[in-house]
Amino acid sequence: MKKSLIALAVLAAAGVASAQSTVTLYGVADVWFGQTGAGVGAAHLTQTRVNSGGVNGSRWGLKGTEDLGGGLKANFVLEQGFNIDDGSASSALAFHRQAFVGVSGGFGSVNLGRQYSAYDSLRGATNNTYDSAVATTGATWGNGIADYTSRVNNAIRYDSPSFGGVTASVMVGLGEDKTAIADASQNTSLNIQYAAGPVLVGLAYQDQKTVAVVDNTTYTLLAGSYDFGVAKLVAGYNKAKFGPASDSEYQLGVNFPVGA
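Below: a short report on this structure. (Residues numbered from 1 in each chain as written. Predicted model: local features only at pLDDT ≥ 70, side-chain atom pairs only at ≥ 80, totals over all residues. Heavy atoms only, no water.)

### Considerations on the pairing of strand β11 (residues 199-209)
Part 1 of the argument: As paired strands, strand β10 (residues 186-196) and β11 are joined by 11 bridges and run antiparallel to one another. Each bridged residue has a counterpart across the sheet, and for Ala 196 the counterpart in β11 is Val 199.
Part 2 of the argument: Pairing of β11 with strand β12 (residues 217-227), which is carried by 10 bridges, proceeds in the antiparallel orientation. Looking at the pairing, Val 199 lines up with Tyr 226 of β12. (Pairing = 2+ DSSP bridges. Helix = DSSP H or I, 4+ residues; strand = E, 2+ residues; numbered from the N terminus.)

Listed below in structure tokens is the structure:
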């Protein structure tokens, strides 16, 4: 009898927990068929292939929330990339795209783990041809000074609530690679955005310190978008600096929706 009562109590507790929490399975399955070529002259080779990630990287993930009461929620995200053409993982790390847990409430949210930088949040929201494999900013802006690190390990990130359309984010990624002669690497980023109706405009900054490298790499982005309904105009200016070297980077684009 005691065992039965205990079992019923466990089931009741599980029912309460499931009613207060949600877990969502999500993902993208992106496959393409086509022909690629490389080399010149007699060394030129072409290959007809089926491959993964033509527009967006294929991935699957789990995200969930747990109501803690008092307006607080616990949140988590676990996301892994994969290659849909052969079923293999795109990284040896289990959840290399995102892996974080945090808490949110009226104060905003605080998350800890591997996550996107605060700079990336504005960069992705204002990228030409949206934030995907067909966006040209990553390839173009990385030709001089290397492009920014989008996902950061060992990171602590805070996102504020909206104050009349104004939000702010700050993140610090703490390196675990300190040596006897060099401090650990560190990645610090922040952004402030205004979003209301069709308008989005923001300023973002990222500072990347690499172990055993004297100079930091910094990125300062001013970008925005305006949604006309039939089309969205996006534009941005970024200043990348590494020691005495600097790059001035611009982008301008128009997105025309072809579906809902």
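### Section: the pattern of salt bridges
Part 1 of the argument: Throughout the structure, instances matching the rule amount to 4 salt bridges.
Part 2 of the argument: When the shortest N-O distance is used, the salt bridge between Arg 97 and Glu 79 registers 2.7 Å. Within this pair, whereas Arg 97 is found in the loop between β5 (72-81) and β6 (98-105), its partner Glu 79 is found in strand β5, the two being separated by 18 residues in sequence.
Part 3 of the argument: In this structure Arg 97 comes out as buried when scored by relative accessible area, which is 10%.
Part 4 of the argument: Residue Glu 79 is classed as buried on the basis of its relative accessible area, which comes to 4%.
Part 5 of the argument: A salt bridge links Asp 183 to Lys 178; its shortest N-O distance comes to 3.3 Å.
Part 6 of the argument: Residue classification places Lys 178 among the exposed residues on the basis of a relative accessible area of 58%. (Salt bridge = Lys/Arg side-chain N within 4 Å of Asp/Glu carboxyl O. Buried < 20%, exposed > 50% of the residue type's maximum accessible area, 1.4 Å probe, protein only.)

### Details of the nonpolar core
Part 1 of the argument: Grouped together as the largest cluster of nonpolar side chains are 11 residues: Tyr 119, Leu 122, Trp 141, Ile 145, Tyr 148, Leu 200, Ala 204, Tyr 219, Leu 221, Ala 223 and Ala 240.
Part 2 of the argument: Sorting the residues of this core by element identifies α2 (118-125), β11 and β12 as the ones contributing at least two each.
Part 3 of the argument: Apart from the residues within four sequence positions on either side, Ala 223 is in contact with Leu 122, Thr 126, Leu 200, Val 201, Gly 202, Ala 235 and Gly 236. (Core = buried A, V, L, I, M, F, W, Y, C linked by side-chain atoms within 4.5 Å. Contact = heavy atoms within 4.5 Å.)

### A short note on unusual backbone geometry
Part 1 of the argument: One non-glycine residue, Asn 154, lies in positive phi territory at about 50°.
Part 2 of the argument: Position of Asn 154 among the secondary structure elements: in strand β8 (residues 151-159).
Part 3 of the argument: With relative accessibility at 32%, the residue Asn 154 sits in the partly exposed group.

### Focus: α2
Part 1 of the argument: Burial runs high along α2: 6 of the 8 residues are buried.
Part 2 of the argument: Turning to α2, its buried residues number three or more, namely Ala 118, Tyr 119, Asp 120, Leu 122, Arg 123 and Gly 124.

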